[in-house]
Amino acid sequence: KSNYENAIQYVTCLYRNLLEREPDQAGLVAYSNAIANGRMTAADVAVTLIDSQEFVNKNYDDTTYIKKLYLALLQRSPNSSEISYWLDIMAGGVTRRYPLINIVGAAEFAAICNIYMIEQGSVAAIENRDRNYGVTSYVARCYAKILERPADANGLNTWAGKLLDGACGGAEIVKDLIVSAEFTNKHCTNSEFVEIMYNAMLGRSSDPYGKQNWMDQLGEGVSFVYIINGFAGSAEFNNICSSYGIYAGTATVDEARDKNILVTGFVNRQYTKVLERGGDAPGLNNWCNMILSKALSPKNVAYGFVFSKESIDKNRSNDQFVEMLY
């Protein structure tokens with residue numbers, strides 16, 4: 001048969017299986033001519049019908065949608081394992097366009113087009129989350145384990161784009177979610193935070209020794225971001241990132257207290273020993289920055305604490321003052 005006659009059969013199959021009706025004459029002729037003349041590919045016509053308001057208004061559920069794609073494009077019904085496979089994929093954060101992209105790009109569809117002697121074509125991803133399933137599922141995983149909710153479309157597209165374009169590694173999205181207002185408002189304790197990091201970044205529960213080590217580091221006055229970078233350097237996290245096709249990277253350090261834990265520990269010690277309280281983030285950052293930039297020596301910093309108004313207001317006796325210095 002000629003390409004035009006073959007195209008009529010193909011377009012008719014699309015109408016029957018996607019729109020559940022016979023094609024109107026105008027549409028049938030227009031699409032068939034476009035395919036026969038090389039103005040449209042088999043994929044182009046399929047996408048046009050799937051994107052049409054008529055198809056959208058049918059409100060097919062995901063299972064029915066997958067069945068429609070198989071019937072229209074592969075001209076057979078999917079088996080139960082194929083349906084389950086695509087449903088699991090779609091639950092990972094991609095849109096319905098992702099299975100369409102892959103089914104159109106499959107060898108089986110190419111064989112169908114070869115039989116009809118029409119050009120196969122391809123379907124382009126419109127959203128970043130449909131460009132790479134592994135990357136998208138990693139982003140969705142972070143949302144689920146850190147914020148305990150499904151990722152929103154904007155978050156998926158933003159982070160999938162950054163990861164795919166090499167703008168960041170896996171650790172940076174962990175940091176972004178951890179410092180977000182949504183996570184901050186959960187008011188997690190240090191212990192709860194460390195446990196979340198084990199689950200999110202290592203894919204397992206904590207071990208007692210390891211967890212205590214991270215708790216001790218937090219006790220030195222560093223922020224959660226410092227701990228994220230500690231986890232990011234582990235072989236376990238790097239292996240998880242590799243399984244999703246991304247690199248681990250590191251989280252960007254924005255605070256002075258996260259640049260050198262020994263300096264931070266020294267400053268925090270002044271708070272606990274001189275002011276008898278834990279250091280606050282602004283104060284820790286200020287004093288750490290002074291030492292790291294060499295604006296002040298450690299001796300100058302210690303002097304600043306000992307003779308601060310807060311320290312003087314404690315009205316220590318001479319004995320208490322000397323004991324504090326020791």
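For the structure, see preceding data.
Not measured: the values here are computed from a predicted model. (Residues numbered from 1 in each chain as written. Predicted model: local features only at pLDDT ≥ 70, side-chain atom pairs only at ≥ 80, totals over all residues. Heavy atoms only, no water.)

Caption draft 1: Geometry of the overall build of the protein chain. The helix and strand tally for the protein chain stands at 21 helices and zero strands. Taken over C-alpha atoms, the radius of gyration comes to 30 Å for the protein chain, far larger than the 20 Å a tight globule of 326 residues would show. Dimensions along the principal axes, computed over C-alpha positions, put the protein chain at roughly 105 × 35 × 35 Å. A burial count over the protein chain gives 46% of its 326 residues as buried. Long-range pairs, those at least 24 residues apart, make up 66% of the contacts in the protein chain with a sequence separation of at least 6. On the protein chain, the mean spot of the 30 positive side-chain charges and the mean spot of the 36 negative ones are 2 Å from each other. (Helix = DSSP H or I, 4+ residues; strand = E, 2+ residues; numbered from the N terminus. Rg over C-alpha atoms; globule rule 2.2 N^0.38 Å. Buried < 20%, exposed > 50% of the residue type's maximum accessible area, 1.4 Å probe, protein only. Contact = heavy atoms within 4.5 Å. Lys, Arg positive; Asp, Glu negative; His and termini not counted. Charge placed at Lys NZ, Arg CZ, Asp CG, Glu CD.)

Caption draft 2: Quick peek at the packing of helix α5 (residues 62-74) against helix α6 (residues 80-91). Direction vectors running N to C along α5 and α6 enclose 120°, while the axes themselves pass 10 Å from each other. In terms of their interaxial angle, α5 and α6 are classed as oblique. As α5 runs across α6, the sense of the crossing is right-handed. Mapping the contact onto sequence places D62, T63, Y65, I66, K67 and Y70 in α5 and E82, I83, W86, L87 and M90 in α6. Taken together, the residues that form the contact of α5 with α6 break down as seven nonpolar, one polar and three charged. (Axes fitted to C-alpha atoms, helices over the stretch in contact; angles between N-to-C directions. Parallel < 35°, antiparallel > 145°, perpendicular 65-115°, else oblique. Left-handed = near helix turned anticlockwise from the far one by under 90°. Nonpolar A, V, L, I, M, F, W, Y, C, P; charged D, E, K, R; others polar.)

Caption draft 3: Inspection of the environment of R16 at higher detail. For R16, the location among the structural elements is in helix α1 (residues 3-19). Residue classification places R16 among the partly exposed positions, given a relative accessible area of 45%. Here the alpha-carbon distance between R16 and L71, two residues 55 residues apart in the chain, equals 9.3 Å. In contact with R16, other than residues within four places in its own chain, are R21 and E22.

Caption draft 4: Seen up close, the pattern of salt bridges. If you walk through the whole model with that rule in mind, you get 23 salt bridges. With a shortest N-O distance of 3.7 Å, E276 and K314 are connected by a salt bridge. Residue E276 is located in the loop between α17 (261-275) and α18 (281-292), and its partner K314 is located in the loop between α20 (309-312) and α21 (318-325); the two are separated by 38 residues in the primary sequence. What makes E276 exposed here is its relative accessible area of 56%. (Salt bridge = Lys/Arg side-chain N within 4 Å of Asp/Glu carboxyl O.)

Caption draft 5: The arrangement of the layout of surface pockets in detail. What the largest pocket holds in volume is close to 210 Å³. Considering the residues around the largest pocket, the lining is formed by I50, D51, F55, V56, N59, Y60, Y65, T95, R96, R97 and L100. Taken together, the residues of the lining of the largest pocket break down into six nonpolar, two polar and three charged. (1 Å grid on protein atoms, 1.4 Å probe; cavity = no way out; pocket = protein on both sides within 12 Å on 5 of 7 lines; lining within 4 Å. Points joined across faces, edges and corners; volume = space filled by probe spheres on them.)

Caption draft 6: Fine view of α5. Between its first and last C-alpha atoms α5 spans 17 Å; for 13 residues at 1.5 Å apiece the expected length is 18 Å, and the two agree. Listed as buried for α5 are Y65, I66, K68, L69, Y70, A72, L73 and L74. Looking at the packing, one finds that the buried side of α5 touches α1, α3 (42-50), α4 (53-56), α6, α7 (97-104) and α8 (107-116). (Expected span 1.5 Å × (residues − 1).)

Caption draft 7: Representation of a nonpolar patch on the surface. A cluster of nonpolar side chains, namely Y303, F307 and I312, defines an oily patch on the protein surface of about 350 Å² accessible area. Positionally, I312 belongs in helix α20. (Patch = residues over 30% accessible without salt bridge, like charges linked within 9 Å, V, L, I, M, F, W, Y side chains within 5 Å. Areas by Shrake-Rupley, 256 points an atom, 1.4 Å probe, with all protein chains shown as cover.)

Caption draft 8: Here's a closer look at the environment of I8. Take I8: it is sitting in helix α1. Taking C-alpha positions, I8 is 39 Å from V135, a pair spaced 127 residues apart along the chain. Excluding residues that lie within four positions of it along the chain, I8 makes contacts with L28 and S32.

Caption draft 9: Spatial organisation of the nonpolar core. Of all hydrophobic cores here, the largest spans 43 residues; its most connected members are Y10, L14, L73 and L100. Of all elements in the fold, only α1, α2 (25-36), α3, α5, α6, α7 and α8 reach the threshold of two or more residues within this core. Setting aside anything within four residues of it in sequence, one finds L14 in contact with L19, V45, A46, L49, A72 and L73. Counting residues in hydrophobic clusters, the runner-up holds 42 residues, among them I146, L156, A160 and L163. (Core = buried A, V, L, I, M, F, W, Y, C linked by side-chain atoms within 4.5 Å.)

Caption draft 10: A look at the side chain of R97. Along the chain, the position of R97 falls in helix α7. On the basis of relative accessibility, which here comes to 15%, the residue R97 falls in the buried class. A polar atom in the side chain of R97 sits 2.8 Å from the backbone oxygen of A124. In contact with R97, other than residues within four places in its own chain, are V47, D51, Y65, V123, A124, I126 and D130. (Polar contact = N/O pair within 3.5 Å; in protein donor to acceptor, adjacent residues only side chain to side chain.)

Caption draft 11: Structural context of helix α15 (residues 224-232). If you check which residues of α15 are buried, you get V225, I227, I228, N229, F231 and A232. Residues of α15 that are buried in the fold lie against α11 (170-178), α13 (190-202), α14 (208-219) and α16 (235-243). Its side-chain oxygen placed 3.1 Å from the backbone nitrogen of V225, S223 serves as the N-cap of α15.

Any functional reading would require information beyond the geometric quantities listed.
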